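Observations on the three-dimensional arrangement
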Amino acid sequence: MSISIGIHDLSFATSEFVLPHTALAEHNGTDIGKYHVGIGQRSMSVPAADEDIVTMAATAAAPIVARHSKDRIRTVVFATESSIDQAKAGGVYVHSLIGLPSACRVVELKQACYGATAALQFAIGLVRRDPAQQVLVIASDVSKYELDSPGEATQGAAAVAMLVGADPALVRIEEPSGLFTADVMDFWRPNYRDTALVDGQESISAYLQAVEGAWKDYAQQDGRSLEEFAAFVYHQPFTKMAYKAHRHLLEFCGHDADRDALERALGSTTAYNTVVGNSYTASVYLGLAALLDRADDLTGRPVAFLSYGSGSVAEFFAGTVVAGYREHLRTEENREAIARRKPVDYAGYRALHERSLPADGGDHSTPAQTTGPYRLAGISGHKRVYEAR
Ligand code: HMG
């Protein structure tokens, strides 16, 4: 008999600051309708000088280890595309900050925004091998484009931590998966750059091609039919992209893609992404958090996931929402993670955007800005120094 494996707990964190799109529009003379309606974004999370993917990841993961036994977690998979080190996994810092036992393997995974879905699927494989074990999957990213570029409006930052195990309390992940890979240069970031390069329109059509390809494979693997799904959780680089993607899928399958059909499928999934911005690997799972927190009772209902990472890899898969899931949600904490952010003005955001850690090997402390539980205190001898409050 096949065991049920999936997401047992989910927690997210985002940054100290938030830039409303009205401030960006005022700075660059853009009609706010382009941001609010055209791309579907209201604001974006901006990390403080003493925040990074590690502090956000630890903040997301700490409530999970507080609620569950640490002893069953023998693997941490940290997915990111805004890595802070070419060798050491960011998850090793997190492992130490949240006090996991030393009997644990920790790795970092990368394939643009798709990485967390690879982590989830690999975690399921590990749990299938030994259902007594749990895997902590963390997706953490800071999305950074050049100032005054079209991509600037689609930045953001967040981390999602998920505990993956047998008999999950939230969502059972199903087989099969529909898979798609194509070697395209729609979005990339060479090692010598801290901002991404992107061909905006190419990236949108690459995403749509990937949706189609992953869906075709899912159908060939005898997946569910489109009508069975209660909702569709897409990777959301900006929330309008989910609407473009779902319209494409509905039309590809010969269905009407009217406003009501799109709203029914996507409406509850965009609430967090529209105010957080692109959180890369975390984005699709922020969509799931919003869906679970906001939708009417989903008990027993199948939900579709479409995870896309530029370059490109996509996966279409399904999960079934487990009875009693509402008792395990973190709805209040999720709202608070968003509400606690302090608005930053355009000049303040620009100064933070232009900051980088000194690379001279000296001792440098970072300004104390975050009020979160973990901070990047500085850098010394090329080593990042973290502290827990
Ligand atoms: P742009 O080219 O400046 O914008 O930047 P645009 O001219 O295409 O306008 C955007 C939309 O606003 C259009 O709607 C306009 O009509 C509308 P659409 O035709 O697309 O439906 N618009 C207005 N609407 C209402 N009132 C107005 C108004 N003016 C215009 N006044 C772009 C947009 C997304 C290209 C840019 O922000 C960008 O390059 N972003 C980064 C790339 C990106 O997010 N791509 C998404 C797909 S790739 C992906 O998801 C992977 C990624 O997450 C990375 C990873 O995997 O690691 C990015």
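Presented here is an overview of the structure given in this document. (Residues numbered from 1 in each chain as written. Predicted model: local features only at pLDDT ≥ 70, side-chain atom pairs only at ≥ 80, totals over all residues. Heavy atoms only, no water.)

**Section: the sheet that holds strand S14 (residues 342-343)**
Pairing is mixed across the open sheet formed by 3 strands, whose spatial order is S3-S2-S14. Where the open sheet ends on each side, the last strands, each with one partner, are strand S3 (43-46) and S14. Alignment of strand S2 (residues 17-20) against S3, held across 4 bridges, turns out to be antiparallel. Bridging from a neighbouring strand, Phe17 pairs with Val46 of S3. Each of S2 and S3 touches helix H1 (residues 21-28); the most contacted strand, S2, lies at about 50° to it. (Pairing = 2+ DSSP bridges. Helix = DSSP H or I, 4+ residues; strand = E, 2+ residues; numbered from the N terminus. Contact = heavy atoms within 4.5 Å. Axes fitted to C-alpha atoms, helices over the stretch in contact; angles between N-to-C directions.)

**Re the packing of helix H6 (residues 200-220) against helix H7 (residues 239-252)**
Relative to each other, H6 and H7 sit at 45°, their axes nearing to 10 Å. With respect to H7, the axis of H6 lies oblique. Note that H6 runs across H7; the crossing there is right-handed. Two secondary-structure elements touch here, H6 through Ile204, Tyr207, Leu208, Val211, Glu212, Trp215 and Lys216 and H7 through Met241, Lys244, Ala245, His248, Leu249 and Phe252. Classifying every residue of the contact of H6 with H7 by side-chain character gives 9 nonpolar, 1 polar and 3 charged. (Parallel < 35°, antiparallel > 145°, perpendicular 65-115°, else oblique. Left-handed = near helix turned anticlockwise from the far one by under 90°. Nonpolar A, V, L, I, M, F, W, Y, C, P; charged D, E, K, R; others polar.)

**Quick word on the pairing of strand S7 (residues 156-166)**
A regular strand places its side chains so that they alternate between the two faces of the sheet. Along S7, 11 of the 11 residues are buried, which leaves the element largely enclosed by surrounding structure. Sheet topology note: the strand S1 (residues 5-14)/S7 ladder contains 9 bridges and is antiparallel. Bridge pairing in S7 places Thr14 opposite Ala158. Relative to S7, strand S6 (residues 134-143) runs antiparallel, the two being bridged by 9 bridges. Bridging across to S7, Asp141 finds its partner in Ala158. (Buried < 20%, exposed > 50% of the residue type's maximum accessible area, 1.4 Å probe, protein only.)

**Here we look at the site of the ligand**
Around the ligand there are 26 residues in total, and Lys34, Glu81, Cys113, Ser203 and Lys244 lie nearest to it. Residue Thr154 places a side-chain N or O atom 3.3 Å away from a nitrogen atom belonging to the ligand. Contact between the ligand and Asn278: an oxygen atom at 3.0 Å from a side-chain N or O atom of the residue. When the ligand sits alone it has 1,100 Å² of accessible area, and the protein chains cover 74% of it. Those elements giving two or more residues to the shell around the ligand turn out to be helix H2 (32-38), H6, H7 and strand S12 (302-309). It is H6 that contributes the most residues to the shell around the ligand, 4 residues altogether. (Near = heavy atom within 4 Å. Polar contact = N/O pair within 3.5 Å; in protein donor to acceptor, adjacent residues only side chain to side chain. Areas by Shrake-Rupley, 256 points an atom, 1.4 Å probe, with all protein chains shown as cover.)

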